[in-house]
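This is what each chain is made of:
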Amino acid sequence: MPELPEVETVRRTLEPHLTGRTVTCTHIGPYDRCVATPQPDVFCERIDGQEITALGRRGKFILLRLDSGDVVTIHLRMTGELSLTDQTAPQGPHLHLWFDLDNGQQLRYNDVRKFGRWSLLTPEQYELFDQSIGPEPLDPSFTSERFRKMLHSRRRILKPLLLDQSFIAGIGNIYADEALFQARIHPQRHSHELTTDEVSRLHASIQDVLQSALRYRGTTLRDYRDANGEPGENLSRLRIYSRSPDDPCPECATPIVRAVIGQRGTRFCPACQPID
Ligand SMILES: [Zn+2]
């Protein structure tokens, strides 16, 4: 599933082509459950004729801000893909939603497994949505001190806590494992037990693995492509997530462990990331 670096890369590839464009007509295919809210006909009605004034991102969601003040939120989930094409280009079998734009192009949403969701939110609904998601880890307001307060106010196991979007935005399985490995912290440690030094290592590692993945335009394990159809190039940069159990740790050569923690496969080095 695309995480912050992949979603941000898609946003960046779309931004110069979509900002300032007007949606002349919104189309939804037979699979209309890709629109979560409002009803599909209302969704189309409220978007048609609107200018896209800006592209944003919140956590793993892409945001299209409209002239009306409404915000379209797009969650790509497993296999959702956005692309820009000419309106005359042939349509594939997995096309579920598309915008005709005023320059003759189309913004197309293809999704093989159909888990992705679109919503159209009023400014008031967007406020609630925004408040339901934790801080952005690359925002300057996300300081180590703020992170310490966040961690210490909860008594949760670290790995599932980092994946909890209401705690912190945009982190999924890949970057949680990478950040914990780089910080040398066991994924089953409890959030309130981290020392100030450990918090500051984890804070720096989260920012570092996300920034580095952004630089290489995200990680493509299998499906992920940016809006130009290009895979990301960060896979070879991963230090722990891409390895198999019993592969040697890249730091100390101890066999890597894969455990299920909070229902998610988790890789760590038992020597570099001791439990106590
Ligand atoms: Zn190790």
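Note that the structure is a prediction, hence the values are computed from the model and not measured.

Novice: Explain the pattern of salt bridges to me, and be specific about the residues and the numbers.
Specialist: Enumeration according to the criterion identifies 19 salt bridges in this entry. For R46, the salt bridge identified is with D70, shortest N-O distance 3.3 Å. Of this pair, R46 sits in helix α2 (residues 40-47) while D70 sits in the loop between β4 (61-66) and β5 (71-75), placing them 24 residues apart in sequence. In this structure D70 comes out as buried when scored by relative accessible area, which is 9%. A salt bridge links E145 to K149; the nearest nitrogen and oxygen atoms lie 3.9 Å apart. In this pair, E145 and K149 both sit in helix α4 (residues 144-152), 4 residues apart, roughly one turn of the helix. By relative accessible area, which is 39% here, E145 ends up partly exposed. The structure contains a network of salt bridges with shared partners spanning E8, R11, R12, E15, R57, R58, D130 and E136.

Novice: Tell me what's going on with the nonpolar core, and back it up with residues and numbers.
Specialist: Ranked by size, the top nonpolar core spans 30 residues in total, and within it L14, L18, L64, L82, F99, L107 and W118 carry the most contacts. The leading source of residues in this core is helix α1 (residues 4-18), at 4 residues. Excluding residues that lie within four positions of it along the chain, L18 makes contacts with I52, L55, L64, L84, L101 and L107.

Novice: Provide a residue-level description of the domain arrangement of the protein, including the pertinent values.
Specialist: Here the protein is described as being made up of domain 1 (4-131) and domain 2 (144-268). Here the C-alpha centroids of domain 1 and domain 2 sit 29 Å apart. Of the residues lining the interface, 19 residues belong to domain 1; the matching set on domain 2 comes to 19 residues. Across the domain 1 to domain 2 interface the summed buried area is about 1400 Å²; carbon plus sulfur atoms make up 63%. Applying the counting rule to domain 1 against domain 2 returns 0 salt bridges. The interface formed by domain 1 and domain 2 holds 5 residue pairs in polar contact (both at pLDDT 80 or more) in total.

Novice: Outline the packing of helix α6 (residues 173-183) against helix α7 (residues 196-215), listing residues and values.
Specialist: Running from N to C, α6 and α7 cross one another at 130 degrees; their axes reach a closest spacing of 8 Å. Here α7 runs oblique to α6, going by the angle between their axes. Crossing geometry of α6 relative to α7 is assigned as right-handed. Every residue of α7 that contacts α6 at Y175, E178, A179, L180, Q182 and A183 is listed here: R201, L202, S205, I206, D208, V209, L210 and A213.

Novice: Describe in detail the coordination of the zinc ion, supporting the description with residues and values.
Specialist: For the zinc ion, the full set of protein donor atoms is C249 (SG), C252 (SG), C269 (SG) and C272 (SG), at a range of 2.2 to 2.4 Å. Mapping the donors of the zinc ion onto the primary sequence yields the spacing C-x2-C-x16-C-x2-C. Residue C249 is located in the loop between α7 and β10 (257-261), and its partner C272 is located in the segment after β11 (264-268); the two are separated by 23 residues in the primary sequence. With a relative accessible area of 5%, C272 lands in the buried category.

Novice: Please give an account of the sheet that holds strand β6 (residues 80-86) that cites residues and values.
Specialist: Consider a sheet: its strands pair through backbone hydrogen bonds, and that pairing is either parallel or antiparallel. Pairing in this open sheet of 4 strands is antiparallel, and the strands run β1-β7-β8-β6 from one edge to the other. Unpaired on one side and paired on the other, β1 (23-28) and β6 mark the two borders of the sheet. When the angles between neighbouring strand axes are averaged without regard to direction, this sheet yields 15 degrees. Across 5 bridges, strand β7 (residues 95-101) lies against strand β8 (residues 105-111) in antiparallel orientation. Counterpart to L97 in the pairing with β8 is Y109. Along the sheet, α1 makes contact with β6, β7 and β8, crossing β6 at roughly 30 degrees.

Novice: Pulling in residues and values, what's your account of the environment of W118?
Specialist: Tracing the backbone through its elements, the reader meets W118 in strand β9 (residues 117-121). Residues W118 and Y241, spaced 123 residues apart in sequence, show a C-alpha to C-alpha distance of 29 Å.

Novice: Mind laying out a nonpolar patch on the surface, listing which residues take part and the relevant values?
Specialist: Residues M1, M78 and F115 make up a contiguous nonpolar surface patch of roughly 270 Å² in combined accessible area. Inspection of the secondary structure puts M1 in the segment before α1.

Novice: Could you give an account of the packing of aromatic side chains, naming the residues involved and the relevant values?
Specialist: Scanning all chains against the criterion turns up 6 aromatic pairs. Between Y126 and F129, the aromatic rings sit 5.5 Å apart at their centres with planes inclined by 40 degrees, giving tilted as the arrangement. Separated by 3 residues within a single helix, Y126 and F129 lie in helix α3 (residues 123-131), roughly one turn from each other. Exposure class is identical for Y126 and F129. Each is buried. Between the aromatic rings of F147 and F167, the centroid separation amounts to 6.4 Å while the plane-to-plane angle is 45 degrees, which identifies the pairing as tilted. Within this pair, whereas F147 is found in helix α4, its partner F167 is found in the loop between α5 (158-163) and α6, the two being separated by 20 residues in sequence.

Criteria and cut-off values
- Residues numbered from 1 in each chain as written.
- Predicted model: local features only at pLDDT ≥ 70, side-chain atom pairs only at ≥ 80, totals over all residues.
- Heavy atoms only, no water.
- Salt bridge = Lys/Arg side-chain N within 4 Å of Asp/Glu carboxyl O.
- Helix = DSSP H or I, 4+ residues; strand = E, 2+ residues; numbered from the N terminus.
- Buried < 20%, exposed > 50% of the residue type's maximum accessible area, 1.4 Å probe, protein only.
- Core = buried A, V, L, I, M, F, W, Y, C linked by side-chain atoms within 4.5 Å.
- Contact = heavy atoms within 4.5 Å.
- Domains from an automatic or database assignment.
- Buried area = accessible area lost by both parts, 1.4 Å probe.
- Polar contact = N/O pair within 3.5 Å; in protein donor to acceptor, adjacent residues only side chain to side chain.
- Axes fitted to C-alpha atoms, helices over the stretch in contact; angles between N-to-C directions.
- Parallel < 35°, antiparallel > 145°, perpendicular 65-115°, else oblique.
- Left-handed = near helix turned anticlockwise from the far one by under 90°.
- Donors = N, O, S within 2.8 Å, 3.2 Å for Na, K, Ca; no water.
- Pairing = 2+ DSSP bridges.
- Patch = residues over 30% accessible without salt bridge, like charges linked within 9 Å, V, L, I, M, F, W, Y side chains within 5 Å.
- Areas by Shrake-Rupley, 256 points an atom, 1.4 Å probe, with all protein chains shown as cover.
- Phe/Tyr/Trp six-rings, centres within 6.5 Å; stacked < 30°, edge-to-face > 60°.

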